[in-house]
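# Structure at a glance
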Amino acid sequence: GKFQFSVSYLGKIYCMSSDENLKKFMENPRPYLLPPQPRIPAKICIIGPPSAGKSSLCKVLRDHYSAALLDMNDLAAEVRENEQKKHVDQVRDDAKVTFLNQIREQIQNAAQIVIESRTRRAMLAAELAEDGELDDAPPAPTEEGESEESNIEKMAQEKEELEKENDLIKKFGFTFDEEGQIILPEITEDHPLVREQVERVTVEARNHEVEISPEMYCSVLEDAIRGVITGHQTKGDPEFGGWILDNFPLTRDQWTMMTERADKLLTPDSFIILNDPDVESGTLLKRWAAIQKPPITLTASQIKAVEKKKAKPPGEKAGDGLAPLDESEEQQDAKDQVPASVEQRVLNRKAFDREKPQLEAIIKQSDVELLTIDCNVDLEAMKEDAVKKLDNIFRYKAVDYFSYEEEEQEEEEDDDGEEEVDKRNLGETRHFCPVTLHEKNVLWPGDHEIGARYREKIYLFSSPENKTKFLENPEKYAPSGAPLPPPPIRLCILGPRSSGKTEQGRALAKKLGLFHISFHKFLEEMIIPKVKARAWESDHEEEAAPSPDEGDDDEDDEETKAKKAALEIAKNTKAVDLDDSLLMTPSGKEHLVREFTDITVAQFEKALQLRRDLIAKREGKDPDAEEVLTDLEEAVHSSLVEGEALPPEILEQIVVSWWTENPFKETGFILEGFPRTPQEATFMTDSGLFPDACIVLEIEDEDAGDRQLPKKLQKWKNKMAKKLARRQRHMERRRIKKEKERKKKINEKFEELKAEREMRLEERRKEKEEAAKFGEVPESDDEESEEEPEIQLKDVVLSDEEEEDDDDDLDGEEDETEEEAVDRIRGEISDRYDNDMQVISQLQNSLEDLSIYRIVVDASRKPKVVFYSLCQQLRSITVFRESLFSQCLAVRARQANEMLAKGYKQSSRFGRWDPVLLEEGCTIQPYQAPGRLTYPVVYRAHTYFMSTLENRQKFLENPLRYLKLSSPPPVVPVKLAIVGPPKSGKSMLARRLERDHGIVCLSSGEAVRQFMTQFPSSSLTKEMETHLRAGVTLPDALVVEAIEKIMLSQRCQTRGYVLDGFPNTIEQVKLMTELSIIPVQIIELTLSAKEVHWRGTADRHSPDRALPLHDSAPILDVRLSSYKRNIDVVRSHYQKEHRNWHVLEGSRSKWWLNDQCAKLLHEQLKTAQDYLVKRSVGDAASIFGLCVTPKECQHRLGEFSHYCPVSLATKHELVDCSYETTMKYTAEYRARYYKLAGPKELEMFLTDAHLYVSPTAPHMLPESLPKYVSKAEVKQMFPKELAFKGYCPVTYIHGNKRYEALTPGSRDHVVLYDDELFSMLDDATMEMFLRQPWKYNRTPLPAKLPPARVAQDVTSLPMLGYMEQTVAKAIIAAMTSCSDFKPKYPYVNAHKSALLYVGYHLKAHNPKATEYSREKYRKKLEKFKEHCNLIKYLGNNMNRRYKPEPERPLDFNFKMDEFLALKSFPLPIH
């Protein structure tokens, strides 16, 4: 095409090749654009060096484009042969003339030489003769002394002359005459010498390739191409079919001759030159050696030799055009010799390279596309490269897009004041980079300054490199089919402490099925196995480890107990055998907690720490020694302890894997607490780790303090309690120590006093002994005679000095009060909150600068409220995720209709249905008419119509949700009639349906008025005018005929109708039935006469009433009585024939009536639509609710009649469904009706109907069918006797054919089957026989039968027998009931109470008594039981403690009075 013949159509430019084609296209462009599009007419020339793969490439391209392959060698073979023949003949003729002259000249010269030779030889012979030497005799020395050598030399010369002479004579056939004169032979064309030379020249001419002129080549090519065109016309293909020319043209002249033609018949569209980029590596040389027969392997020296020859300047020759090799090269070593065939290909390659530059230059000057393809790859790669380059001109190309182009465009302002939308036509990936999305599956927002336009859409990129990739291959990154699948959800959640990050993150991850990752916790778990205790502040206060200063050396016992408890836990839960890696991740800890309840993760950690310590001791290691941290762990430790930011190389090792490795890559995650700083946010964007959004939880300072204060205050209280406990323990230990010291002092003093006493006693004893020795008596003998009392330990008392406490004061510094602690904690929380908010504020600014979407949520409210708000703001990312890359455009209805009319957009498969309403189960197509607003939406190439603004907004948010819906059901017109007494709301309900759904509302008067207005000249109008002028009521026949004509309108046929107050009489029903006017649903509004008059009075006194109407009280009475007189017959008719009569209470509200009516319409239309859909695909469908009459159903019954085909096929039972008249379980299949036994069978039949009908049904309906026979019919069949001797065959078969199972049948349960009568025991056995009669009818009777039953009068029996046959059952029932109730009448003993109960029971259940008598005694029995229950009631509510009246049960006093009253009447009154 040429730009001067271009035209714009539907937003695209089309280029034509001529003015005539331009006119054709402008007259009617659609035939040239609608599918099927013509095949690309591939007209390609392919050339290349020898063995480059030209022919192979031509063949694969021929198959790809379904083109014709033209091999110039084959096409020009005949011409070349003719030219070769002409050349050989010409050379032969010229050679004959030339060689005749040459041979003649040579003969004359030879004859002269022979003559001269003979003369010289004669002279030599004469000389030799003179010397005595003749002929062959050896020379002898002469006398003059000549030497022997001279004679030998003369003889040799003579011999040589003779041989030369003989050769010439032999060669030319010389003869001599008698005189010795030479006779020259006659020289002709048949002369051997001439023939030999001519043959040699002819062979050389045959071996020499004749050069065909370009004109001849083009002539042959023209004939071949015209043959290809003719062949395409024969096949019905486009006239100008494709062709591929192999290895032509090879010279500039040949190309010039091809392109000089005016019709451009021989001009190709594309020219492909195969290029060998690896010239130095010898790719083609190796290929030539591989195809050599036998194959050879070129050595490095051979390749070098060939390349050396290629580098030499060419020496051309007339014959082959190439100079021979130098003599020195021919004498190379044998291993370096190159085969002749390979060398010839090298020479041909050289000739190709010589013509190639000139050919490329002239092709580039033309309009033909020149393509270069490397041939050093396999054939498939060459084909892909060629197809890609050939089809590139037919593909859309991506071009640069600059932001200032958008500024230069004029902005159109809407007059309707609609909100502004982004008018840029963004691509399939919207504002995200398509290259990053394709390669990394990451949503990276594109830069508005880096863009490209492809297929009239704008794509934004994250970097110029990605833009370059897109421009090179846009089809790889921009899908043209289905929308791209969105990547998994990746969210970051940030916020200050106590904002609920962890709680909200976990809840959100659980709801969305994502991983929850706490960055701070993840860093802790990386180094916690090697770090014994946390030396940093944990972000999770509830998991913070206790500080080392909280314990002291006095808690050794408690620590030992804790270790023992942890070790016990480890043994009980087998934690010692668990791998430590389970505690490395949050999921592992959660698994342990779930696996072993009542055990915390901290206990598991302590147990496993004990395990590691034991293993370390066993291996001779110090368990308390710090393990060496790696560089990564050291950086993480520094970040946790000192708050340093992690360097990018460390972040790359930690964070990148969550975006690039499974399971996080495919599932998605919620990352809590990252990024922490603007530097980390910059690292994310630089690494392409873009989250979908960053959630920022904001909380006020006071709320943060209120949330953290209880935990921290409780922590402080625990700390103070521990401190107080430590102080008390210390005081107790000091007291015990002091008591021990006091006891020690007392013991020491006791021992001292005891020793002093012993010393005093010893001194006295010695004094007595001395006195006795000298005979002296002590003065105070009486006093000393008394012994000194013994000292008791309890009598020892310490002095005040000894009791003095010299301990230091234990009271240290004053303890912090709770108020002071609260103030201090709030200050710490406030400072930390300020720091956190400062960092988050900086981080938010960085996120905004980095184009990361932020969601700010107020986290001060309750967690449930915060979570709900968060989910609502994330709907675009979570709920509408599948439509992330879907773009819809809301347009006006007028624009949508214009686009559809001009073919710019196509109508969707939903047509005018609202997809949102379809998802909600709507069965009535939205009504679209002038004056009713519609809200179209354009998505891709289709237009969708919404009925409300809310539905359009839902569709715009998530279009793929609604596009997945199945196609809309067929439109079924509504056929409804509303009847009821006057003032029941019929017209109101009908008008509301007309307004909401576009249904035509027709009353009898409205139908007549419309018909007379639309058809004023019809005979029916004239007839109705005659009746109206006469002042009489129109006949029902005319009214029904007018209704029938009005129903033929398009709106009635498509939307449906609702009859307002019609029909009211059976005559009208019959007339409507004759004209096939059958409402599918008839709604009767019931209303009492009182309500009718009340509504009539209200209407008459209504202020909105302008004109008087015929609704006075007498008129309402007349209309109401007429309605009641006729409606019963109409109701019974429709209930019997069509079962479509529904009754609604007209006294209910109008909204309730409207909802109930809409519900009935929905159910009926849904049934009809399902029926039509299933019928269209050939499936079975239920006919319930389709107004099928019983007569029609009977007429169209299938081969199973009233029997269920499913029961017959699955259970092999005959289930008679004739009792079912509602057709609830009736289905249609292949235009026949089938009755089913129940809902289960109906579902099975609707699913696989073909399995239960002929010809695939396993069982067909038998010819002989069982039939129930009444007593009267049995009598009419007399004298036919009962089969099976009157016994029940069912009880006999099910009783395993035992003697006891022979039970006589009943005359009320007789079945006729196979012309025999069978009597059954009861209804159950008769039903079993009717279902499977073939199972029982051929059963033989046993030889021994029970005796025949003879009637006997019971009065002739003894008393016990009489009672057994008459009242035994009643007495047994009465006594059983008495034993269950255990009656005790007040003030009557138990024996008499039981007798009274049995008597009442017998009379209340006497089958021979009248119903009145039984009812009377039933009441007395209940009264008797009520009086008996008084004892139990009073016993339960009376005890030894007196209860005031307010505390008693409500009926206590009444029952007590009743009980006391029975004392006067101890026996019941009869």
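On a predicted model such as this, the values are computed, not experimentally measured, just so you know.

Right, let's talk about the overall build of the protein for a bit. From N to C terminus, the protein includes 56 helices and 32 strands. For the protein, the residues scored as buried account for 37% of the 1470 residues in total. Of the contacts made within the protein by residues no fewer than 6 positions apart, 71% connect residues no fewer than 24 positions apart.

Before going further, it helps to spend a moment on helix α40 (residues 1036-1046). Because an α-helix packs 3.6 residues into every turn, residues spaced three or four apart end up facing the same way. Residues of α40 that are buried include every one of L1038, V1039, V1040, A1042, I1043, E1044 and I1046, and no others. Elements that come into contact with the buried residues of α40 comprise β23 (1000-1003), α38 (1004-1014), α39 (1019-1029), α41 (1050-1054), β24 (1056-1060) and α42 (1066-1074).

The subject of this paragraph is the pattern of salt bridges. For the structure shown, the criterion picks out 49 salt bridges. Several salt bridges share partner residues, and in doing so they unite R1175, E1192, R1196 and E1228 into one network.

Let us now look at the nonpolar core. F470, F519, I654, V655, W658, W659 and L671 are the most contacted members of the largest nonpolar core, which totals 43 residues. Top contributing element to this core by residue count: helix α25 (residues 648-660), with six residues. Setting aside residues no more than four positions away along its own chain, W658 makes contact with I517, F519, F522, F664, K665, F669 and L671. Of all hydrophobic cores here, the second largest spans 32 residues; its members include L1020, L1034, L1038 and Y1123.

A cluster of acidic residues, D631, E634, E642 and E644, forms a negative patch at the surface. Judged by relative accessible area, which is 55%, E642 ranks as exposed.

Ordered in space as β30-β31-β32, the three strands form an open sheet in which the pairing is antiparallel. Edge positions in the sheet fall to β30 (1267-1269) and β32 (1316-1319), since each has one partner strand and no second. Each strand of the sheet is rotated relative to its neighbour by a mean of 35 degrees, with strand direction disregarded. Pairing geometry for β30 and strand β31 (residues 1310-1313), over three bridges, is antiparallel. Each bridged residue has a counterpart across the sheet, and for V1269 the counterpart in β31 is V1310. Sitting on the sheet, helix α51 (residues 1323-1331) touches β30, β31 and β32, and the angle it makes with β31 is about 10 degrees.

Here the focus is the environment of Y927. You can see Y927 is positioned in the loop between α34 (915-919) and β20 (935-939). Y927 sits 68 residues away from R995 along the chain, and the two C-alpha atoms are 9.1 Å apart. Apart from residues no more than four positions distant in its own chain, Y927 is found in contact with R932, H997, G998, R1051 and R1055.

This part covers the packing of aromatic side chains. Enumeration over the complete set of coordinates arrives at 33 aromatic pairs. Between the aromatic rings of Y454 and Y459, the centroid separation amounts to 6.4 Å while the plane-to-plane angle is 50 degrees, which identifies the pairing as tilted. Accessibility assignment for this pair places Y454 and Y459 in one class, buried. Across the ring face of F945, the terminal group of R912 is positioned such that the distance to the ring centre comes to 4.0 Å.

Turning our attention to the sheet that holds strand β28 (residues 1226-1229). Read across the sheet, three strands follow the order β27-β28-β29 without closing on themselves; strand pairing throughout is antiparallel. Where the open sheet ends on each side, the last strands, each with one partner, are β27 (1181-1182) and β29 (1232-1235). Sheet contacts for helix α48 (residues 1239-1247): β27, β28 and β29; angle to β28, the most-contacted strand, approximately 10 degrees.

We now examine unusual backbone geometry. The peptide bond linking F248 to P249 adopts the cis configuration, its omega dihedral lying at -5 degrees. Checked against the element boundaries, P249 lands in the loop between β7 (243-246) and α9 (252-259). The phi dihedral of Y1387 falls on the positive side, at around 65 degrees, and the residue is not glycine. Looking at the secondary structure, you find Y1387 in the loop between α53 (1368-1381) and α54 (1390-1404). Assessed through its relative accessible area of 35%, Y1387 is described here as partly exposed.

Time to look at the pairing of strand β3 (residues 43-47). Most of β3 sits out of view: five of its five residues are buried. Residues K43, C45 and I47 line one face of β3 and the alternating positions I44 and I46 line the opposite face, and both faces are buried. For β3 and β7, the ladder comprises four bridges, and the chain directions are parallel. Pairing of K43 across the sheet is with W243, part of β7.

Attention shifts here to the packing of helix α24 (residues 631-642) against α25. Two numbers describe how α24 lies on α25: the axes approach to 10 Å, and their chain directions differ by 100 degrees. With respect to their mutual orientation, α24 and α25 come out roughly perpendicular. Here α24 contributes L632, A635 and V636 to the contact with α25, which in turn contributes I650, Q653 and I654. Tallied by class, residues from the contact of α24 with α25 come to five nonpolar, one polar and no charged.

On to the side chain of T429, then. Within the secondary structure layout, T429 lies in the loop between α15 (403-408) and α16 (434-440). When neighbours within four sequence positions are excluded, T429 is seen to be in contact with P434, L437, Y459, L484 and F885.

Below, the discussion takes up helix α35 (residues 949-957). N951, R952 and F955 are the residues of α35 that are buried. Looking straight down α35, one finds that the buried residues subtend no more than 100 degrees of arc, so they occupy a single side. Against the buried residues of α35 lie β18 (888-890), α34, β20, β21 (942-946) and α36 (959-963).

For the pair helix α55 (residues 1411-1437) and helix α56 (residues 1452-1461), the least separation of the axes is 10 Å and the interaxial angle reads 120 degrees. When the axis of α55 is compared with that of α56, the two are oblique. As for how α55 packs across α56, the hand of that crossing is left-handed. Between α55, through K1423, E1426, H1427, L1430, I1431, Y1433, L1434 and N1437, and α56, the contact on the second element is made entirely by F1452, K1455, M1456, E1458 and F1459.

The next subject is the environment of Q112. Here Q112 is to be found in helix α5 (residues 77-130). Classification of Q112 by relative accessible area gives partly exposed; the value is 42%. Each C-alpha atom, one on Q112 and one on I182, is 9.4 Å from the other, the two residues being 70 residues apart in sequence.

A regular strand places its side chains so that they alternate between the two faces of the sheet. Taking burial as the measure, the six residues of strand β25 (residues 1081-1086) include five buried ones, the bulk of the element. Examined bridge by bridge, strand β22 (residues 974-979) and β25 share four bridges and lie parallel to one another. Within β25, the residue paired with V979 across the bridge is E1084. Here β25 pairs with strand β26 (residues 1141-1145) via five bridges, running parallel. Each bridged residue has a counterpart across the sheet, and for E1084 the counterpart in β26 is V1143.

The next subject is the environment of E828. Tracing the backbone through its elements, the reader meets E828 in helix α31 (residues 818-849). Taking C-alpha positions, E828 is 9.3 Å from G705, a pair spaced 123 residues apart along the chain.

Mean pLDDT over the protein: 81, with 81% of residues reaching 70 or higher. The low-confidence segment residues 571-587 (pLDDT under 50) makes 28 contacts with residues lying over four places distant or belonging to another chain. Taken as a whole, residues 591-598 scores under 50 in pLDDT and shows 10 contacts with residues more than four places along the chain or in a different chain.

Another aspect to go through is the state of the cysteines. Under the defined criterion, the tally for this structure stands at zero disulfides. C1428 supplies the cysteine sulfur nearest to C1378, a cysteine that is in no disulfide, at a spacing of 9.3 Å. C1378 sits in the buried class, given a relative accessible area of 11%. Given a relative accessible area of 7%, C1428 falls into the buried group.

So, how was this worked out
- Residues numbered from 1 in each chain as written.
- Predicted model: local features only at pLDDT ≥ 70, side-chain atom pairs only at ≥ 80, totals over all residues.
- Heavy atoms only, no water.
- Helix = DSSP H or I, 4+ residues; strand = E, 2+ residues; numbered from the N terminus.
- Buried < 20%, exposed > 50% of the residue type's maximum accessible area, 1.4 Å probe, protein only.
- Contact = heavy atoms within 4.5 Å.
- Salt bridge = Lys/Arg side-chain N within 4 Å of Asp/Glu carboxyl O.
- Core = buried A, V, L, I, M, F, W, Y, C linked by side-chain atoms within 4.5 Å.
- Patch = residues over 30% accessible without salt bridge, like charges linked within 9 Å, V, L, I, M, F, W, Y side chains within 5 Å.
- Areas by Shrake-Rupley, 256 points an atom, 1.4 Å probe, with all protein chains shown as cover.
- Lys, Arg positive; Asp, Glu negative; His and termini not counted.
- Charge placed at Lys NZ, Arg CZ, Asp CG, Glu CD.
- Pairing = 2+ DSSP bridges.
- Axes fitted to C-alpha atoms, helices over the stretch in contact; angles between N-to-C directions.
- Phe/Tyr/Trp six-rings, centres within 6.5 Å; stacked < 30°, edge-to-face > 60°.
- Lys NZ or Arg CZ within 6 Å of the ring centre and 35° of its normal.
- Parallel < 35°, antiparallel > 145°, perpendicular 65-115°, else oblique.
- Nonpolar A, V, L, I, M, F, W, Y, C, P; charged D, E, K, R; others polar.
- Arc of directions from axis to C-beta.
- Left-handed = near helix turned anticlockwise from the far one by under 90°.
- pLDDT = per-residue confidence, 0-100.
- Disulfide = S-S within 2.5 Å.

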